[in-house]
Amino acid sequence: MIRCTDIHKQFGTLEVLRGIDLEIPAGQVATIVGPSGAGKTTLLQILGTLSRPDRGSVEIAGQETGSLRGAELVRLRNEKIGFVFQFHHLLPEFTALENVMIPALIAHRSRSAAAERAAMLLELLGVGDRADHKPAAMSGGEQQRVAVARALMNEPSVIFADEPSGNLDSANRETLHRLFFDLRDRFGYTFVIVTHDNELAAMSDRRITMRDGLLVTE
């Protein structure tokens, strides 16, 4: 599902990634762990095409991403990639249903089909009764499950998550973690998750440890 080769990234004089080689197969929940400053989020952003490496290549579902520009890159993100962040980034003026529909509308799918799938995903993730609520009327755990539903809207090949449970209490954190594995088991989704949560890392199919811009153990 993901293959990256000799990934380097530098900001000014600081070399953040110093030659990363990594393959992640389809249907795996992989966590990336390590101390702050190890380069975890930078690597995740490069894998997710939100940033470009200074050197090296990234393939997602067999497609090399380095040559993609403009509309081609936007299409890849919209069709192949889902994102879940520590802060849910739901649009406050829209309901949960409308927030989840947005990726499908960007892909020019019909509003009725988008609404039907969004309602199904919200129900699947246990927040179907919050479909007509705006983010301010939902708990943090509910908002994050809506964000996961949005990430799944276009049936992506891989979901990238950056500290997705970092702002949740222990009960909601455990619920979200179980959800990732349920989705993997039921639909074969691939998850790549940056986390400081040792329990999530221990549950994962694969723990990838980074230190000083390098992979040190797997």
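Heads up: these notes are all about the structure in this document. Being a predicted model, the structure only gives us computed values, none of them experimental. Residue numbers run consecutively from 1 along every chain, following the written order of its sequence. Since the coordinates come from a predicted model, pLDDT governs what is reported: local features require at least 70, and pairs of side-chain atoms require 80 or more to be given and counted, while whole-chain, interface and lining totals use all residues. Hydrogens are left out, water is left out, and the side-chain values use all remaining heavy atoms of the structure.

1. A look at the overall build of the chain
Consideration 1: Numbering of helices and strands starts at the N terminus; helices are DSSP runs of H or I of at least 4 residues and strands are runs of E of at least 2. Within the chain, the regular secondary structure consists of seven helices and ten strands.
Consideration 2: With C-alpha atoms as the basis for the radius of gyration, the globule rule is written as 2.2 Å multiplied by the number of residues raised to the power 0.38. On C-alpha atoms alone, the chain measures out to a radius of gyration of 17 Å, which is about the 17 Å that the 2.2 N^0.38 rule sets for 218 residues.
Consideration 3: Its C-alpha atoms give the chain principal-axis dimensions of about 50 × 40 × 35 Å.
Consideration 4: When burial is assessed residue by residue, the chain has 49% of its 218 residues classed as buried.
Consideration 5: The long-range share in the chain, meaning contacts at least 24 apart out of those at least 6 apart in sequence, stands at 71%.
Consideration 6: His is not counted, nor are the chain ends, whereas Lys and Arg count as positive and Asp and Glu as negative. Charged side chains are reduced to one point each, which is NZ for Lys, CZ for Arg, CG for Asp and CD for Glu. Where the 24 positive side-chain charges of the chain centre and where its 28 negative ones centre are 3 Å apart. Only protein chains enter the accessibility calculation, which uses a 1.4 Å probe; a residue is then buried when its area is under 20% of its type maximum, exposed when over 50%, and partly exposed in between. Should any heavy atoms of two residues lie within 4.5 Å, those residues are considered in contact.

2. Brief notes about helix H1 (residues 40–47)
Consideration 1: With respect to burial, H1 is a largely interior element, six of its eight residues being buried.
Consideration 2: Listed as buried for H1 are Lys40, Thr42, Leu43, Leu44, Ile46 and Leu47.
Consideration 3: Residue Thr49 follows H1 closely and has a positive phi angle near 70 degrees.

3. Some details on unusual backbone geometry
Consideration 1: Not every positive phi belongs to a glycine, and Thr49 is a case in point at roughly 70 degrees.
Consideration 2: The residue Thr49 is located in the loop between H1 and strand S4 (55–60) in this model.
Consideration 3: Note on Thr49: relative accessible area 6%, which makes it buried.

4. Some words on the pairing of strand S1 (residues 2–11)
Consideration 1: Bridge count for S1 against strand S2 (residues 14–24) is eight bridges, and the pairing is antiparallel. For His8, the partnering residue across the bridge sits in S2 and is Arg18.
Consideration 2: What sits between the antiparallel neighbours S1 and S2 is a turn of two residues, in which Gly12 has the positive phi angle 65 degrees.
Consideration 3: A pair of strands is treated as paired once DSSP finds two or more bridges between them. For S1 and S4, the ladder comprises five bridges, and the chain directions are antiparallel. Bridged to Thr5 within S4 is Ser57.

5. Looking at helix H5 (residues 140–152)
Working note: α-helix, 3.6 residues per turn, so residues spaced by three or four point in the same direction.
Consideration 1: The end-to-end C-alpha distance of H5, which contains 13 residues, comes to 19 Å, matching closely the 18 Å that a straight helix rising 1.5 Å per residue would cover.
Consideration 2: H5 sits mainly inside the fold: twelve of its 13 residues count as buried.
Consideration 3: Gly141, Glu142, Gln143, Gln144, Arg145, Val146, Ala147, Val148, Ala149, Arg150, Ala151 and Leu152 are the residues of H5 that are buried.
Consideration 4: As for H5, its buried residues are in contact with strand S6 (81–85), helix H3 (96–106), helix H4 (111–124), strand S7 (158–162) and helix H6 (170–187). The span expected for a helix works out to 1.5 Å for each residue beyond the first.

6. Concerning the nonpolar core
Consideration 1: In these notes, a set of buried Ala, Val, Leu, Ile, Met, Phe, Trp, Tyr and Cys residues joined through side-chain atoms within 4.5 Å is what counts as a nonpolar core. Within the largest apolar cluster, 35 residues are counted, with the highest numbers of intra-cluster contacts made by Val100, Leu122, Val146, Val148, Leu183 and Phe191.
Consideration 2: For this core, the secondary structure elements donating two or more residues are H3, H4, H5, S7, H6 and strand S8 (190–194).
Consideration 3: Counting residues per element, this core draws most heavily on H5, which supplies six residues.
Consideration 4: If sequence neighbours within four positions are ignored, Leu122 has contacts with Ala96, Leu97, Val100, Val127, Gly128, Ala131, Val146 and Ala149.

7. Section: the pattern of salt bridges
Consideration 1: Between Lys or Arg on one side and Asp or Glu on the other, a salt bridge is scored when a side-chain nitrogen of the former is within 4 Å of a carboxyl oxygen of the latter. Enumeration according to the criterion identifies nine salt bridges in this entry.
Consideration 2: Salt-bridge contacts for Arg3 lead to Glu23; the nearest nitrogen and oxygen are separated by 3.0 Å. Linking Arg3 in strand S1 with Glu23 in strand S2, this pair joins segments that are 20 residues apart in sequence.
Consideration 3: Look at Glu23 and you get partly exposed, because its relative accessible area is 47%.
Consideration 4: In this structure, Asp6 engages Arg55 in a salt bridge whose closest nitrogen and oxygen atoms are separated by 3.5 Å. Here Asp6, found in strand S1, pairs with Arg55, found in strand S4; they are 49 residues apart in sequence, far enough to count as distant.

8. Digging into the sheet that holds S2
Consideration 1: An order of S2-S1-S4-S5 is seen for the four strands of this open sheet, with the pairing classed as antiparallel. One side of each edge strand has no neighbouring strand; the edge strands of this open sheet are S2 and strand S5 (63–64).
Consideration 2: Every axis corresponds to a line fitted to the C-alpha atoms, with the helix fit spanning only the stretch in contact, and the corresponding angles, defined between N-to-C directions, vary from 0 to 180 degrees. Along the sheet, H1 makes contact with S1, S2 and S4, crossing S1 at roughly 125 degrees.

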